[in-house]
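Listed below, chain by chain, are the residues.
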Amino acid sequence: MKSPLTEENKIYPDTISKIKSLRKKEISAEDLAQGIFDGNKAMLAKAITLLESTKPAHFDKANTVIEKCLARPNKSIRLGITGVPGVGKSSFIETLGKTLTDQGNKVAVLAVDPTSSLSKGSILGDKTRMETLAKDPNAFIRPSPSGTSLGGVARKTRESIILCEAAGYNVIMVETVGVGQSEIAVHSMVDFFLLLKLSGAGDELQGIKRGIMEMADAIAINKADGSNLERAKLAVTEFSRALHLYPPKANGWVPKVMKCSAMENTGITEIWEMVQQFVAHNKKNGFFEKNRKLQNKNWFLQTVDEYIKQFFHQKETFKKEQAALLTAIEEHKISPFYAAKILLDKITKEL
């Protein structure tokens, strides 16, 4: 009589082989798209990984998935959330996200992590910082390393939004690193832009920066709890006064300043109600759809610039000429500005 162990050893390698073959099996664009439509989180994650790939072979497949997803109707609200590091963005998003899922919404969080210059991977790990929301069946969290993208916004965040909407997520939240030009990038891909601020930490001065304040559709003073509550009330007054110094927005919306506490879950519901008022206001005056169309045009132009850059950097002639000119620059034989002109002149003549 054969022992169970011997019999198991006989079957086990075959089982492992089948599992490995299934893992290696290429998933078609059609299957990925259908998986997304069915609300399969694993398929959604695989599709986002595909479109984030820099391999030329993955481009057409990713584009097929995106086109199929674009055809799906959606009634989503795209919410951008930014603020300086330490303001409590992740805690705020988790509390807001749980509030929304409890109301029957499906929430997707596209959190852009700063990238390690050594490992090239994400540093913060938002699934770890949003542990409760990550376990919610009606929530999807996707932390993406920012890589070399300007301002810390992942290169494919816009496409990821489309995939999430096709998967049935009606609230898409995009969290930024909160440094550099990330605010500008996120503002160009969302319907509502929320700026989180702190009180009593010198953050009031940051709010006076014209660019950030002008982009904000609302300001939320976070961590308004305990001994910090009175300072938060004062900050609301100060920021409200500052907002009156700016010209009115094109859509006629008057930005509001509110206070909240993600830890105590106070003011969160009121902020969401304000977001809904904003969306209703913009849909009534036609600005909502107009803004999305303008964003799509800008997205196209930015993508063209990106592909032109990739096209040149992939040409062997470009690489050789660039290397030679870099050496000349190091040896102070030519200025960087003139070297750039020489490089482009040589490459464009070959086209």
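A quick note: this is a predicted structure, and the numbers were derived from the prediction, not measured.

Draft legend 1. Broad picture of the overall build of the chain. From N to C terminus, the chain includes 16 helices and 7 strands. Out of the 351 residues belonging to the chain, those deemed buried represent 43%. Within the chain, counting contacts between residues at least 6 apart in sequence, those at least 24 apart form 75% of the total. Working note: accessible area of the chain is about 19600 Å², and carbon and sulfur atoms make up 57% of it.

Draft legend 2. Representation of unusual backbone geometry. Not every positive phi belongs to a glycine, and Asn 265 is a case in point at roughly 55°. Mapped onto the secondary structure, Asn 265 falls in the loop between strand 7 (256-259) and helix 13 (268-284). A positive phi angle, near 60°, is found at His 332, a position not held by glycine. Mapped onto the secondary structure, His 332 falls in the loop between helix 15 (316-330) and helix 16 (336-350). With a relative accessible area of 75%, His 332 lands in the exposed category.

Draft legend 3. Highlighting the pattern of salt bridges. According to the stated counting rule, one finds 12 salt bridges in the structure shown. Between Lys 333 and Glu 331 there is a salt bridge whose closest N-O contact spans 3.0 Å. Lys 333 sits in the exposed class, given a relative accessible area of 65%.

Draft legend 4. Focus on the nonpolar core. Counting residues in hydrophobic clusters, the biggest one holds 35 residues, and the most contacted among them are Phe 92, Val 109, Met 173 and Leu 194. Contributing elements (two or more residues each) for this core: strand 1 (77-82), helix 5 (89-102), strand 2 (107-113), strand 3 (139-145), strand 4 (171-175), strand 5 (192-197), strand 6 (218-221) and helix 13. Once you skip the residues sitting within four places of it in the chain, Met 173 turns out to touch Leu 79, Ile 81, Ile 93, Leu 96, Gly 97, Val 107, Ala 108, Val 109 and Leu 110. Counting 31 residues, the second largest nonpolar core, distinct from the first, contains Ala 47, Ile 48, Ala 62 and Leu 110.

Draft legend 5. Region of the structure containing the layout of surface pockets. Empty space within the second largest pocket amounts to approximately 900 Å³. Along the wall of the second largest pocket there are 43 residues; nearest its centre are Asn 63, Ile 66, Glu 159, Ile 162 and Trp 299. Residue assignment for the lining of the second largest pocket shows that the elements contributing at least two residues are helix 3 (41-52), helix 4 (56-70), helix 8 (157-166) and helix 14 (287-314). Partitioned by chemical class, the residues of the lining of the second largest pocket number 17 nonpolar, 12 polar and 14 charged.

Draft legend 6. Just a nonpolar patch on the surface, in detail. A cluster of nonpolar side chains, contributed by Phe 300, Leu 301, Val 304 and Ile 308, occupies part of the molecular surface with about 370 Å² of accessible area. When you line up the elements, Ile 308 lands in helix 14.

Draft legend 7. Here's a closer look at the pairing of strand 7. Here strand 6 pairs with strand 7 via 4 bridges, running parallel. When the sheet's bridge partners are listed, Ala 218 is paired in strand 7 with Lys 256. Remark: the strand 6/helix 12 (residues 229-243)/strand 7 crossover connection has right-handed handedness.

Draft legend 8. Region of the structure containing the packing of aromatic side chains. What the rule picks out here adds up to 6 aromatic pairs. A ring pair is formed by Phe 140 and Tyr 169, whose centres lie 6.1 Å apart and whose planes are at 40°; its orientation type is tilted. Of this pair, Phe 140 sits in strand 3 while Tyr 169 sits in the loop between helix 8 and strand 4; the two residues are 29 residues apart in sequence, bridging distant segments of the chain. The class of Phe 140 is buried, set by a relative accessible area of 5%. An angle of 85° between the planes, with centres 4.8 Å apart, marks the rings of Phe 192 and Phe 278 as edge-to-face. Of this pair, Phe 192 sits in strand 5 while Phe 278 sits in helix 13, and the two are 86 residues apart along the sequence.

Draft legend 9. Layout of the packing of helix 15 against helix 16. Two elements in contact, helix 15 and helix 16, have axes separated by 10 Å at closest approach and are oriented at 160°. In terms of their interaxial angle, helix 15 and helix 16 are classed as roughly antiparallel. Regarding helix 15 and helix 16, the two cross each other, and that crossing is right-handed. Along its contact with helix 15, which presents Thr 317, Phe 318, Glu 321, Gln 322, Leu 325 and Ile 329, the element helix 16 presents Pro 336, Ala 339, Ile 342, Leu 343, Lys 346, Ile 347 and Glu 350.

Draft legend 10. View of the state of the cysteines. Taken as a whole, this structure holds 0 disulfides when the rule is applied. Left without a disulfide partner, Cys 69 is nearest to the cysteine sulfur of Cys 164, which lies 9.5 Å away. For Cys 69, a relative accessible area of 2% translates into the label buried.

Draft legend 11. Examining the packing of helix 3 against helix 4 more closely. At a minimum axis separation of 8 Å, helix 3 and helix 4 run at an interaxial angle of 135°. Judged by the inter-axis angle, helix 3 sits oblique to helix 4. The handedness of the crossing between helix 3 and helix 4 comes out as left-handed. Contacts from Ala 47, Leu 50 and Leu 51 of helix 3 reach helix 4 at His 58, Lys 61, Ala 62 and Val 65. Looking at side-chain class alone, the contact of helix 3 with helix 4 contains 5 nonpolar, 1 polar and 1 charged residues.

Calculation criteria
- Numbers given to residues run from 1 along each chain, matching the order in which its sequence is written.
- Reporting in this predicted model follows two pLDDT cut-offs: at least 70 for local features of residues, and 80 or more for side-chain atom pairs to be given and counted; totals over whole chains, interfaces and linings ignore these cut-offs and use all residues.
- With hydrogens and water excluded, all non-hydrogen atoms of the structure serve as input to the side-chain values.
- In this text, helices come from DSSP runs of H or I with a minimum length of four residues, and strands from runs of E with a minimum of two, each type numbered from the N-terminal end.
- Whether a residue is buried, partly exposed or exposed follows from its accessible area with a 1.4 Å probe, protein chains only, as a fraction of its type maximum: under 20%, in between, or over 50%, in that order.
- Contacts between residues were defined by any pair of non-hydrogen atoms, one from each residue, lying within 4.5 Å.
- Here the open area of atoms and residues is found with the Shrake-Rupley method and a 1.4 Å probe, where only the protein chains shown may cover a residue.
- When a carboxyl oxygen of Asp or Glu lies within 4 Å of a side-chain nitrogen of Lys or Arg, that pair is called a salt bridge.
- Only buried Ala, Val, Leu, Ile, Met, Phe, Trp, Tyr and Cys residues count toward a nonpolar core, and they belong to the same one when joined by side-chain atoms within 4.5 Å.
- Here a cavity means grid points, on a 1 Å grid over the protein atoms only, where a 1.4 Å probe fits yet cannot get out; a pocket means an open set of points with protein on both sides within 12 Å along at least five of seven lines; lining residues are those with an atom within 4 Å of a point.
- Grid points are joined across faces, edges and corners, and a volume is the space filled by probe spheres set on the points.
- When residues are sorted by character, Ala, Val, Leu, Ile, Met, Phe, Trp, Tyr, Cys and Pro go into the nonpolar class, Asp, Glu, Lys and Arg into the charged class, and all the rest, Gly among them, into the polar class.
- Patches in this entry comprise residues that are over 30% relatively accessible and not in a salt bridge; like charges within 9 Å are linked, as are nonpolar side chains (Val, Leu, Ile, Met, Phe, Trp, Tyr) within 5 Å.
- Paired strands, in this sense, are two strands between which DSSP finds at least two bridges.
- Every crossover in which the path from the first strand over the helix to the second runs clockwise, viewed with the strands pointing away from the viewer, is termed right-handed.
- Each aromatic pair joins two rings of Phe, Tyr and Trp (for Trp, the six-membered one) with centres within 6.5 Å, and gets the label stacked for planes under 30 degrees apart, edge-to-face for over 60, and tilted for any other angle.
- Fitted lines through C-alpha atoms serve as axes, helices being fitted only where they are in contact, and the angles separating the N-to-C directions of these axes extend from 0 to 180 degrees.
- Note on terminology: angles under 35 degrees are roughly parallel, angles over 145 are roughly antiparallel, angles of 65 to 115 are roughly perpendicular, and the others are oblique.
- Rotating anticlockwise by less than a right angle from the far helix to the near helix defines a left-handed crossing, while the corresponding clockwise rotation defines a right-handed one.
- Counting rule for disulfides: a pair of cysteine sulfur atoms within 2.5 Å.

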